Amino acid sequence: MAAVPHHIAIVMDGNGRWATRRFLPRAAGHKKGMDALRACVRHCGERGVKVLTVFAFSSENWSRPADEVSSLMDLLGVALAREVPLLSKEGVRVHFVGDRASLSDKVRAGLAQAEAATAGNDRLTFNVCFNYGGRWDIAQAATRLATEGEAITETSLKRVMALAHVPDPDLVIRTGGERRLSNFLLWQAAYSELYFSDKLWPEFDEAALDEALADYASRERRFGKTSEQVSSTAVA
Ligand code: FPP
């Protein structure tokens, strides 16, 4: 059995509830969520995970109250200014994945700068999905192929999807108790193992990550084959 997933993707849900339960503004939950994310990147690197992809801001999050959207934009600014240099020191390569067209020029420049500054790192690839949606990704990929006059096939789509630079996720984790994908990696998660945790994202600590990894290690991944076929390939 594959012990450690090469690529983990996470829906970091539950920041708002974490804050509300403590009579704090939702923005405080996102700030605490950022602390949990920083630790998670480090722990994934230590365990040999090579790619981590997180859902930081969905295409649908624009419809949240204006002050919450603005607090998430501010957090992105903090991440770019403070977190990226630290991640870079730890050998992390950062990619931002999503529709940049509706972001400000300043934010777009910041994202490009962070990607350029970490481009030489190869210990862990960290994809931050920001203004991202799985349906947006499939649509943008199909539009691109149509514009280039290329046939739309699984292979050609795969080449122009937003996560073309990494293999599909082996494990998708969602915290916060809900059991759905919410428009995250619709194409790429076709064969991913799914793991749902009732912990709210700010509480998803090192022990919780290890529980998810242990659960993953116990799964049999068949990719459409039978169990017998999988075991005979494993010993061949
Ligand atoms: C979902 O919780 C979480 C988000 C929409 C934002 C996730 C952002 C972070 C963890 C901070 C890192 C941010 C950047 C920009 C790198 P929710 O608010 O839906 O929680 P709820 O379901 O309890 O309301």
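Residues numbered from 1 in each chain as written. Predicted model: local features only at pLDDT ≥ 70, side-chain atom pairs only at ≥ 80, totals over all residues. Heavy atoms only, no water.

Novice: Account for the layout of surface pockets, with residues named and values stated.
Specialist: In this model, the largest pocket occupies a volume close to 770 Å³. Of all the elements in the fold, those that place two or more residues in the lining of the largest pocket are helix 1 (15–20), helix 2 (26–47), strand 2 (51–58), helix 3 (66–89), strand 3 (92–97) and strand 4 (124–132). With 7 residues, helix 3 is the single largest residue contributor to the lining of the largest pocket. Residue composition of the lining of the largest pocket, grouped by class: 19 nonpolar, 9 polar and 8 charged. (1 Å grid on protein atoms, 1.4 Å probe; cavity = no way out; pocket = protein on both sides within 12 Å on 5 of 7 lines; lining within 4 Å. Points joined across faces, edges and corners; volume = space filled by probe spheres on them. Helix = DSSP H or I, 4+ residues; strand = E, 2+ residues; numbered from the N terminus. Nonpolar A, V, L, I, M, F, W, Y, C, P; charged D, E, K, R; others polar.)

Novice: Any details on the site of the ligand? Residues and values, ideally.
Specialist: Residues in close proximity to the ligand total 19 residues, the closest being D13, G16, R17, R26 and R64. Between the ligand and the protein, one listed contact pairs an oxygen atom with a backbone N or O atom of G14 at 3.2 Å. Between the ligand and R17 there is a distance of 2.7 Å, counted from an oxygen atom to a backbone nitrogen or oxygen. Protein chains bury 91% of the 630 Å² of accessible surface belonging to the ligand in isolation. A majority-of-atoms criterion places the ligand in the largest pocket. Where the shell around the ligand is concerned, the elements lending two or more residues are helix 1, helix 2 and helix 3. (Near = heavy atom within 4 Å. Polar contact = N/O pair within 3.5 Å; in protein donor to acceptor, adjacent residues only side chain to side chain. Areas by Shrake-Rupley, 256 points an atom, 1.4 Å probe, with all protein chains shown as cover. Sits in = over half its atoms within 2 Å of the grid points.)

Novice: Explain the packing of aromatic side chains to me, and be specific about the residues and the numbers.
Specialist: Geometry of an aromatic ring pair is reported as the spacing of the ring centres plus the angle between the planes. In total, this model carries 8 aromatic pairs according to the counting rule given. Between F55 and Y132 the ring centres are 5.8 Å apart and the planes differ by 80°, which places this aromatic pair in the edge-to-face class. Taken together, the positions of F55 in strand 2 and Y132 in strand 4 put the pair 77 residues apart, joining distant regions of the chain. Residue classification places F55 among the buried residues on the basis of a relative accessible area of 11%. Take Y132: its relative accessible area is 0%, and that puts it in the buried class. Their ring planes at 20° and their centres at 5.0 Å tell us that F57 and F130 sit as a pair that is stacked. Highlighted residues: F57 in strand 2 and F130 in strand 4, separated in sequence by 73 residues. For the pair F57 and F130, one class covers both residues: buried. Each residue in the set F55, Y132, W136 and F184 is aromatic and connected to the rest through ring pairs, giving one cluster. (Phe/Tyr/Trp six-rings, centres within 6.5 Å; stacked < 30°, edge-to-face > 60°. Buried < 20%, exposed > 50% of the residue type's maximum accessible area, 1.4 Å probe, protein only.)

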